[in-house]
Amino acid sequence: LAQDAARAGSWEWDLRSNENFWSEETWALFGLEPHSCIPSYEAWRLAIHPDDRADAERAVQEAASKRAVLNIEWRTNDRNGGARWLMSRGRPIRDEIGQVVRYIGIVMDITDRKRAERALAESEKKFRLLYEEAPVAYQSLDEGGHLLGVNDAWLALLGYSQAEVLGRSFADFLTPESKEHFKKTFAIFKQAGEVYGVEQQMVHKDQSIIDVSINGRISLGEKGEFRQTHCVFQDITRRKKAETALLESEQRYRAVFNVASLGIDLVDCHGRFLEVNDSLSRFLGYSPEEIRHLTILEVTYPDDVAQTRELHEAIVQGTTDDYRLEKRYIRKDGAVRWGDTAVSAIRDANGEYRATVGVIADITDRKKSEQAQQRLATAVEQAAETIEIADPQGTILYVNPSFERTTGYSREEAVGKSPNILKSGQHDETFYRDLWQTISSGTVWKGHIINRKKDGTLFEEEVTISPVMDRSGNIVNYVAVKRDVTKEVSLQGQLFQAQKMEAIGTLAGGVAHDFNNILQVALGYSELMLGEEELPGRYRTDIKKINESARRGADLVRRLLTFSRKTEIDLQPLNLNQRVKEMRKMVERTIPKMIETKLVLAENLARVNADPTQIDQILMNLAVNARDAMPEGGELTFETAEVFLDLEYARTNIEASPGYYVLLTVTDTGSGMDKETLKHIFEPFYTTKGVGEGTGLGLAMVHGIVKQHGGHIKCYSEPGHGTTFKIYFPALVSDEEAEETKVTQLPRGGSETILLVDDEELIRDLGARILTKAGYKVIKASNGKEALDVYRLRSNEISLVILDLIMPEMGGKQCLEGLLALAPSLKVVIASGYSANGPTKDALSAGAKGFVNKPYDIRQLLGVVREVLDALR
């Protein structure tokens, strides 16, 4: 338009004198030299291209005859051969009496626009295919409103074929109301040249109504004549239905809003009141105009503000669409009122928040009554103890939630029943008769009762039953207050058992330590003698028997130390499934063939940190026990599984800690054990076998091994129903290390001087013999005090100290501290029959460099000595 305006001229035509006036720009646009001829109609006509001359003359003559607005377009008769398009616009000018006496107008160069229109026409041709196959509905109308063309999407929208619609009036497909609307809008459309967002209702072939929104424009020909309309349809049926539903909802809401007895408000996103009804105005004590200057938080009781703000923000942000709560409001006069408040969001068709509507019911009186009752009932309802109320005949009238949690019976199941529903059969009739006689006489009864839950589980309670009397002294109710003490009784029993086992273990460990020293001498000297090549053959046999007997004694000691958890174990990542499979072969060679062994092993079982040899001992001992329990044959099953023991389990099992475990279950179908036997099965030397049939250390050793591995063991058994042992080993978090078989290399000796400290003379002599034979020089001391004195005198000679841990006068740890005080870098090795993780742990952490087991194993003793001596300081 700016370019066209830049190439515009003006003209004037006096109808009375037939004179013309042209501006300088007009001469140039006509392609004539200024004032080269007389400005006239003829001069203008000759400037028009011959092809357009007749149409232009006709348009001028018609406008002049009708005294109408002149609007023509034509091409110039350019002498240079470059014809351009001009447009001329003129309007009639009237004199005092209303006669048209002249025309004034403008002429503009519209060549560029015409080129653009031609380009547009070409573009329309190119995009015709797109028009036909577009996913949105298109239609073309002629000037009379008849369908010139529709695309497939239009046909699909209305359910017609091309043949059924082309040539028909578009109004034929509209509802009666839309037909009238179409007549008006189509006339406006033709004048304006385009329309946007015109909504109409169309009738589908199946007579259903479709709401559409129409955007369109008019396509003109090269001469500006009407060609056709192009319209795009959008199906808005769903939106219109939603709008209609919303309108109806708003109308219903308005009706309820105005007459409701409940308070109703409309609130914006900031919590400001937009509108309130009379009921809410009376509830809050403000006029409707006053309330509109307030927010919901300003009329909310301070303690309820935070919750109200949070809920309101949740609705505004879209995380919830409604909420309901009972809250307090502050009236204008300062009084506090309770309101049952239900709030819902109002959102537009796009889900965007617009406002919230709240309905408030005055529940002040009800809340006061409830609060009074709540204060009376809260203590009973929230009590940890079970509370039952019964009528004078003993029928249950009320139980609190604790009763439901404890017994498994719901309130509905208990009310109306007798307390006998909990009867366990653990008490005789005399017990219950005495209880009833006590309370029915008006006396409080206190005692310990074993009851049965709904699922059949027994539980123990401390019970107090009190008669409730009226003013006349008649019993009107009984109130029973009970406390479940099942866990306490169980844990107390477990604690007593653990303490007993710990005491026995301490005693066994102490005896084993002294016995160990005695066996040390027998084993050591017999082994040295057997190592002498010159030993006569007649003595060798006897000494072997002495050595074998001492080893059997040492094995017994190891069993006792295992039970008391004072033996050294070789822990390594272990696949329990693999161990069970390997031991099955040995077990089947050991037990009779009429006993069938079964394996039920979990896949991808986690590893445990365990000593393979001791795991084998567990499996073999349990297998032998099972064999003895099934003299006539049966089944022996080994199972593995991964389990998680939770905090609740740990609370009721004193030896357990929460966490992941690998469970080894060993079950037999043998004779089983009674409860009294079960109490003692893990105690050393306890056995149900005859004299000479067993030592009673098998299960005691299993118990010790399990505890030493950080696990715990459970036994389940009844006479005639077999026995199940469940062993829980802590599962390894990682499964990176594989089970390995360690090969011990023969250690070399040396020439260093070693201080050997032990209160047993025979052990000192044995140790000295072993070390001396390996090339070492040995200095001996009988106790810690003597060792300190020797070291002070000969510290420059001594390279290593082997120190017994338990000695009279001055123990090994105290002596160690004294030696390190004299020489902080001194190399000290602890020797003990206890585990390195037991009593020796503190000594090792205090500065000892190594540990050797007693009785001495020659390879281990020499290996540790050499390793410590060779280690860098």
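Residues numbered from 1 in each chain as written. Predicted model: local features only at pLDDT ≥ 70, side-chain atom pairs only at ≥ 80, totals over all residues. Heavy atoms only, no water.

## Considerations on the overall build of the protein chain
When helices and strands are tallied, the protein chain shows 29 helices and 32 strands. The buried share of the protein chain, taken over its 873 residues, is 42%. For the protein chain, the share of sequence-separated contacts (at least 6 apart) that also reach a separation of at least 24 residues comes to 56%. For the protein chain, the computed accessible surface area is about 47,400 Å², with 51% contributed by carbon and sulfur atoms. (Helix = DSSP H or I, 4+ residues; strand = E, 2+ residues; numbered from the N terminus. Buried < 20%, exposed > 50% of the residue type's maximum accessible area, 1.4 Å probe, protein only. Contact = heavy atoms within 4.5 Å. Areas by Shrake-Rupley, 256 points an atom, 1.4 Å probe, with all protein chains shown as cover.)

## What to know about the sheet that holds strand S10 (residues 226-235)
Ordered by their spatial adjacency, five strands build an open sheet running S7-S6-S10-S9-S8, and the pairing between neighbours is antiparallel. Every other strand in the sheet has two partners, leaving strand S7 (147-150) and strand S8 (194-203) as the edge strands with one partner each. Pairs of neighbouring strands in the sheet enclose a mean axial angle of 30 degrees, with direction left out of account. With five bridges joining them, strand S6 (residues 137-141) and S10 adopt antiparallel strand pairing. Note on S10: the bridge partner recorded for Ala 137 is Phe 233. Lying on the sheet, helix H9 (residues 176-192) is in contact with S6, S8, strand S9 (209-220) and S10; it crosses S8 at an angle near 160 degrees. (Pairing = 2+ DSSP bridges. Axes fitted to C-alpha atoms, helices over the stretch in contact; angles between N-to-C directions.)

## Some points on unusual backbone geometry
The backbone of Asn 18 sits at a positive phi, close to 60 degrees, despite the residue not being glycine. Position of Asn 18 relative to the elements: it lies in the loop between strand S1 (8-14) and strand S2 (19-22). A positive phi angle is found at His 35, which is not glycine, with a value near 65 degrees. Relative to the helices and strands, His 35 is located in the loop between helix H2 (24-30) and helix H3 (41-46).

## What about the packing of helix H20 (residues 576-590) against helix H21 (residues 612-629)?
Remark: H20 packs on H21, axes separated minimally by 10 Å, with the N-to-C direction vectors making an angle of 45 degrees. Considering their axes alone, H20 and H21 lie oblique with respect to each other. For the pair H20 and H21, the sense of crossing is right-handed. Across the interface between the two elements, Leu 576, Arg 579, Val 580, Met 583, Met 586, Val 587 and Thr 590 of H20 pack against Pro 612, Ile 615, Asp 616, Leu 619, Met 620, Ala 623 and Arg 627 of H21. (Parallel < 35°, antiparallel > 145°, perpendicular 65-115°, else oblique. Left-handed = near helix turned anticlockwise from the far one by under 90°.)

## Let's talk about the nonpolar core
Counting 37 residues, the largest nonpolar core has Ile 615, Ile 618, Leu 636, Leu 664, Phe 725, Ile 727 and Phe 729 as its most contacted members. Those elements that provide at least two residues to this core are H20, strand S23 (608-610), H21, strand S24 (634-645), strand S25 (659-668), helix H24 (698-708), strand S26 (712-717) and strand S27 (723-730). The element contributing the most residues to this core is H21, with seven residues. Ile 615 has contacts with Leu 574, Leu 576, Arg 579, Ala 610 and Phe 729, leaving out every residue within four places of it along the chain. Residues Val 150, Leu 155, Ile 210 and Phe 226 belong to the second largest nonpolar core, which totals 28 residues. (Core = buried A, V, L, I, M, F, W, Y, C linked by side-chain atoms within 4.5 Å.)

## Observations regarding the packing of helix H26 (residues 784-794) against helix H27 (residues 812-822)
Two elements in contact, H26 and H27, have axes separated by 9 Å at closest approach and are oriented at 15 degrees. With respect to H27, the axis of H26 lies roughly parallel. Once H26 is placed against H27, the crossing between them reads as right-handed. Taken together, the residues of H27 that come into contact with H26 (itself represented by Gly 784, Ala 787, Leu 788, Tyr 791 and Arg 792) are Cys 815, Gly 818, Leu 819 and Leu 822. Looking at the contact of H26 with H27, its residues break down into six nonpolar, two polar and one charged. (Nonpolar A, V, L, I, M, F, W, Y, C, P; charged D, E, K, R; others polar.)

## Structural notes on the confidence of the model for the protein chain
Taken as a whole, the protein chain shows an average pLDDT of 83; of its residues, 86% reach a score of 70 or greater. Counting interchain partners and residues more than four positions distant, the pLDDT-below-50 stretch residues 690-696 has eight contacts. In the predicted structure, residues 735-745 sits below a pLDDT of 50 and forms 17 contacts with residues beyond four places in sequence or in another chain. (pLDDT = per-residue confidence, 0-100.)

## A short note on H20
Between its terminal C-alpha atoms H20 stretches 20 Å, which fits the 21 Å expected from 15 residues at 1.5 Å a residue. Along its length, H20 shows its largest kink, about 30 degrees, at Arg 584. For H20, every residue scored as buried is listed here: Leu 576, Asn 577, Arg 579, Val 580, Met 583 and Val 587. Looking at the buried residues of H20, the elements they touch are strand S21 (572-574), strand S22 (595-600), H21, S24, S25 and S27. Looking at where H20 begins, the residue whose side-chain oxygen comes 2.9 Å from the main-chain nitrogen of Asn 577 is Asn 575. (Expected span 1.5 Å × (residues − 1). Bend = angle between axes of the 7 residues up to and from the residue. Polar contact = N/O pair within 3.5 Å; in protein donor to acceptor, adjacent residues only side chain to side chain.)

## Looking at the sheet that holds strand S4 (residues 85-94)
Pairing within the open sheet is antiparallel, and its five strands lie in the order S2-S1-S5-S4-S3. Each of the sheet's edge strands pairs with one partner strand only, and the pair in question is S2 and strand S3 (70-75). Taking the axes of each pair of neighbouring strands and ignoring which way they run, one obtains an average angle of 20 degrees across the sheet. In the packing of helix H4 (residues 50-66) onto the sheet, the strands contacted are S1, S3, S4 and strand S5 (100-109), and the crossing angle to S3 comes to about 170 degrees.

## Digging into H21
Residue pairs spaced three or four apart in an α-helix point in one direction, given the helix's 3.6 residues per turn. The terminal C-alpha atoms of H21, which comprises 18 residues, lie 26 Å apart, in line with the 26 Å expected from a rise of 1.5 Å per residue. Pro 612, Gln 614, Ile 615, Asp 616, Ile 618, Leu 619, Met 620, Asn 621, Leu 622, Ala 623, Ala 626 and Ala 629 are the residues of H21 that are buried.

## A closer look at the side chain of Lys 482
Within the secondary structure, Lys 482 sits in strand S20 (residues 475-484). For Lys 482, a relative accessible area of 7% gives the class buried. For Lys 482, the side chain forms a polar contact with the side chain of Glu 388, separated by 2.5 Å.

## Observations regarding the pattern of salt bridges
Counted according to the given criterion, the structure contains 46 salt bridges. Salt-bridge contacts for Asp 268 lead to Arg 272; the nearest nitrogen and oxygen are separated by 3.1 Å. Assessed through its relative accessible area of 10%, Asp 268 is described here as buried. When salt bridges that share partners are traced, they join Glu 73, Arg 89, Arg 113, Lys 114 and Glu 117 into one network. (Salt bridge = Lys/Arg side-chain N within 4 Å of Asp/Glu carboxyl O.)

## With respect to the packing of aromatic side chains
Inspection of the entire model under this criterion finds 18 aromatic pairs. Ring geometry for Trp 22 and Phe 30: centres 4.8 Å apart, planes at 90 degrees, overall edge-to-face. For the pair Trp 22 and Phe 30, one class covers both residues: buried. Look at Phe 431 and Trp 445: their rings are 5.9 Å apart centre to centre, the planes differ by 90 degrees, and that puts the pair in the edge-to-face class. Placement of Phe 431 in helix H17 (residues 429-440) and of Trp 445 in strand S18 (residues 445-452) is noted, with a sequence separation of 14 residues between them. Phe 431 sits in the partly exposed class, given a relative accessible area of 22%. Trp 445 sits in the buried class, given a relative accessible area of 12%. Over the face of the ring belonging to Trp 85 we find Lys 114, whose NZ or CZ atom lies 4.6 Å from the ring centre. Over the face of the ring belonging to Tyr 432 we find Lys 423, whose NZ or CZ atom lies 4.7 Å from the ring centre. (Phe/Tyr/Trp six-rings, centres within 6.5 Å; stacked < 30°, edge-to-face > 60°. Lys NZ or Arg CZ within 6 Å of the ring centre and 35° of its normal.)

## Describing the environment of Gly 90
You can see Gly 90 is positioned in strand S4. With 79 residues separating them in the primary sequence, Gly 90 and Trp 11 have C-alpha atoms 8.5 Å apart. The contacts of Gly 90, once residues within four sequence positions are left out, are Trp 11, Val 69, Leu 70, Tyr 103, Ile 104 and Gly 105.

## Some thoughts on the pairing of S6
The two faces of the sheet receive side chains in turn, since in a regular strand these alternate between them. Of all five residues in S6, four are buried; the element is thus mostly enclosed. For S6 and S7, the ladder comprises three bridges, and the chain directions are antiparallel. Paired with Gln 139 across the two strands is Val 150, which belongs to S7. In sequence, S6 turns back onto S7 through a hairpin of five residues, with Gly 145 there showing a positive phi of about 85 degrees.

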